Amino acid sequence: LAFLLHRIAPKLPLDVLIGHVDHGIQPDSAKVAAQVKRLADQIGVPALFESLRLGPKTSETKARQARYGVLREMQRKAGCRYLATAHHADDQIETVLLRFLRGTGLAGLSGIPASGPSGLVRPLLAFRKDEIGEWLRRDECVAKLEFDIYDDPSNRDHTHDRSWGRAVLLPLVNSRFEDRGDAGLLEIAANASDDRAAWSALLRELPSLRFQVLGASVQVARETLHRYDPRLSLALLRAAAREVGCVLGPDRARR
């Protein structure tokens, strides 16, 4: 992502800033920050660094929440319009699989959105990891640089659901369905994303709902929601919450 944005920045135009968060989970995490700094120096892109002390027993969810909190603060202080993350299609496949196993609703099956509130964008989401790696290997400018690729040991730790799904479950699914498992999960995400977009559009097609986005909040007419079938009211309320990046589960939506 850093290479790509650096390459296209003059054409758009963009000013690129790299943000790195050291979670303080892995014992050698300081080395990763040094690698990122070396990369940033080589391509001439400024970088911001922040260190946390989450500890080795921190869950993936808590690490992600902490990371985004720091990145958002970096974005705010630097006055950046966008926050770009390097999620790719393989991340999407794993996310949809895990959400399916956890019993998510249809909106959850849409997986990782390509964009989100406050300028959050994921430019690589349409590409498989192997495609990105192939581009890096072929790019002449990349070939002139000296950089290390960090192999995160947590990716091989099957106590994490995502690592287990990647290393154990997905290969089984693909062997059974002749590599159609990955494609099927991506199709599920695309179809669910269309459904999610339809609910978003419906919010704006119901004048009596008086739907508004007010900064980081949303507003709807309670008396209108009460007149609808309860299942429709819940679906609209959850769709409204998603407009500002809030995941509202069924129980909270009912309350």
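Quantities reported herein were computed from a predicted structural model and do not represent experimental measurements.

Caption draft 1: Structural context of the confidence of the model for the chain. Taken residue by residue, the chain gives an average pLDDT of 91. The fraction at 70 or more is 100%. Put simply, helix 6 (residues 140-143) is where the chain has its lowest mean pLDDT, 81, and strand 3 (residues 83-84) is where it has its highest, 97.

Caption draft 2: Summary view of the packing of helix 8 (residues 180-205) against helix 10 (residues 230-242). In the contact formed by helix 8 and helix 10, the axes pass within 9 Å of each other and the chain directions differ by 95 degrees. It follows from the interaxial angle that helix 8 and helix 10 lie roughly perpendicular. Residue-level contacts link Arg-196, Trp-199, Leu-202 and Leu-203 of helix 8 to Leu-232, Ala-235, Leu-236, Ala-239, Ala-240 and Arg-242 of helix 10. Looking at the contact of helix 8 with helix 10 residue by residue, the classes come out as eight nonpolar, no polar and two charged.

Caption draft 3: Focus on the packing of helix 4 (residues 89-101) against helix 8. Relative orientation of the contacting elements helix 4 and helix 8 amounts to 80 degrees, with a least axis distance of 9 Å. If you check the angle between helix 4 and helix 8, you find them roughly perpendicular. For the pair formed by helix 4 and helix 8, the contact residues are Ala-89, Gln-92, Ile-93, Val-96 and Leu-97 on the first element and Asp-182, Leu-185, Leu-186, Ile-188 and Ala-189 on the second.

Caption draft 4: Seen up close, unusual backbone geometry. Look at the link from Leu-12 to Pro-13: it is a cis peptide, with omega at -15 degrees. By the secondary structure assignment, Pro-13 is in the loop between helix 1 (2-8) and strand 1 (18-22). Look at Ser-118: it is not a glycine, yet its phi comes out positive at around 55 degrees. Inspection of the secondary structure puts Ser-118 in the loop between helix 4 and strand 4 (120-121). Its identity is not glycine, yet Arg-210 carries a phi of approximately 50 degrees, on the positive side. Position of Arg-210 among the secondary structure elements: in the loop between helix 8 and strand 5 (212-214).

Reading guide: rules and limits
- Residues numbered from 1 in each chain as written.
- Predicted model: local features only at pLDDT ≥ 70, side-chain atom pairs only at ≥ 80, totals over all residues.
- Heavy atoms only, no water.
- pLDDT = per-residue confidence, 0-100.
- Helix = DSSP H or I, 4+ residues; strand = E, 2+ residues; numbered from the N terminus.
- Axes fitted to C-alpha atoms, helices over the stretch in contact; angles between N-to-C directions.
- Parallel < 35°, antiparallel > 145°, perpendicular 65-115°, else oblique.
- Contact = heavy atoms within 4.5 Å.
- Nonpolar A, V, L, I, M, F, W, Y, C, P; charged D, E, K, R; others polar.

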